[in-house]
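Coordinate analysis (summary)
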Amino acid sequence: NRYSPCGRSSPEEMVERAIEVGLEGLVFTEHNILWPAEELEALQARYPAIRLLRGIEVVSAEGDDYLVYGITQEGLFAAHMDALELIRRVRARDGVVVLAHPYRYRPEVPALLDQHPVDGIEIYSNNILNYAHPRARALCEKLGCFATAASDAHVVDTLGLYALRLNDPVRDERELAQALRRRAFVLHIDDARVAAKNAEI
């Protein structure tokens, strides 16, 4: 809740919950802002048991959400920027860009993806409902992208429902991007907690 208006849990609450549910790493992907390095370093110092990294979730001019990993240079991305320019900036810096929760807001996806595909498509998250999952998976296969799973947690209750299990530990954002690009991971779903959450809904 420090930088994203939709966030309802504090960074400390999120980190403590991540440790509690057994996550070994957590990436903060706030809306349209990259966490300042010194703030994340301070939080990391308080919680050495978990690896904390920075990413960003950018809302494009077309209204789609893109997750960017592997880039820690501030000032490159802004709300409502052109999606093609976003993809170009990520590519130029060896980052990774993932289309977040496709079909959440409308029944189509950005037309530019056919000519300028992203690296990955999010197919599981707290904000991908059952009706959208098959379409997200089909889009991923059509574009030849890798599939991702993420909590997209705005509150501690949904943290860790979905995650990535990396083949090897990563030390920083650059290594995370490399692991994603190599597809050196598998999708993780906490089936028991997802079932309980669905029953609650």
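For the structure, check the block above.
In this report, we go over the structure that sits alongside the text. Everything numeric here is computed off the predicted structure, so don't read it as measured data.

Side note on the overall build of the chain
A count of helices and strands for the chain gives 6 helices and 9 strands. Taking 201 residues into account, the globule formula puts the C-alpha radius of gyration at 17 Å, and the chain, at 16 Å, falls close to it. Principal-axis analysis of the C-alpha atoms places the extent of the chain at approximately 45 × 40 × 35 Å. When each of the 201 residues of the chain is scored for burial, the buried share is 51%. Contacts spanning at least 24 positions in sequence make up 63% of the contacts within the chain whose residues lie at least 6 apart. Here the chain has roughly 10,100 Å² of accessible surface; of this, 49% comes from carbon and sulfur atoms.

Observations concerning the pairing of strand S7 (residues 146–150)
Of all 5 residues making up S7, 5 are buried, and the element is well covered by its neighbours. Where burial is concerned, the two faces of S7 agree: the one with Phe146, Thr148 and Ala150 and the one with Ala147 and Ala149 are both buried. Bridge count for strand S6 (residues 120–125) against S7 is 5 bridges, and the pairing is parallel. Paired with Tyr124 across the bridge in S7 is Ala149.

Cut-offs applied
- Numbering of residues begins from 1 in every chain and follows the order in which that chain's sequence is written.
- Confidence filtering applies because this is a predicted model: local features only for residues at pLDDT of at least 70, side-chain atom pairs given and counted only at 80 or more, and all residues used for totals across whole chains, interfaces and linings.
- Neither water nor hydrogens contribute to the side-chain values; these are computed over all heavy atoms in the structure.
- Strands here mean DSSP runs of E at least two residues long; helices mean DSSP runs of H or I at least four residues long; both are numbered from the N terminus.
- Values of the radius of gyration come from C-alpha atoms, whereas the globule rule sets the reference at 2.2 Å times the count of residues to the power 0.38.
- Residue exposure (1.4 Å probe, protein chains only): buried if accessible area is under 20% of the type maximum, exposed if over 50%, otherwise partly exposed.
- Here a residue-residue contact requires only that any non-hydrogen atoms of the pair lie within 4.5 Å.
- Per-residue and other accessible areas follow the Shrake-Rupley method at a 1.4 Å probe size, with only the shown protein chains counted as cover for residues.
- Each pair of strands is called paired provided DSSP finds at least two bridges between the two strands.

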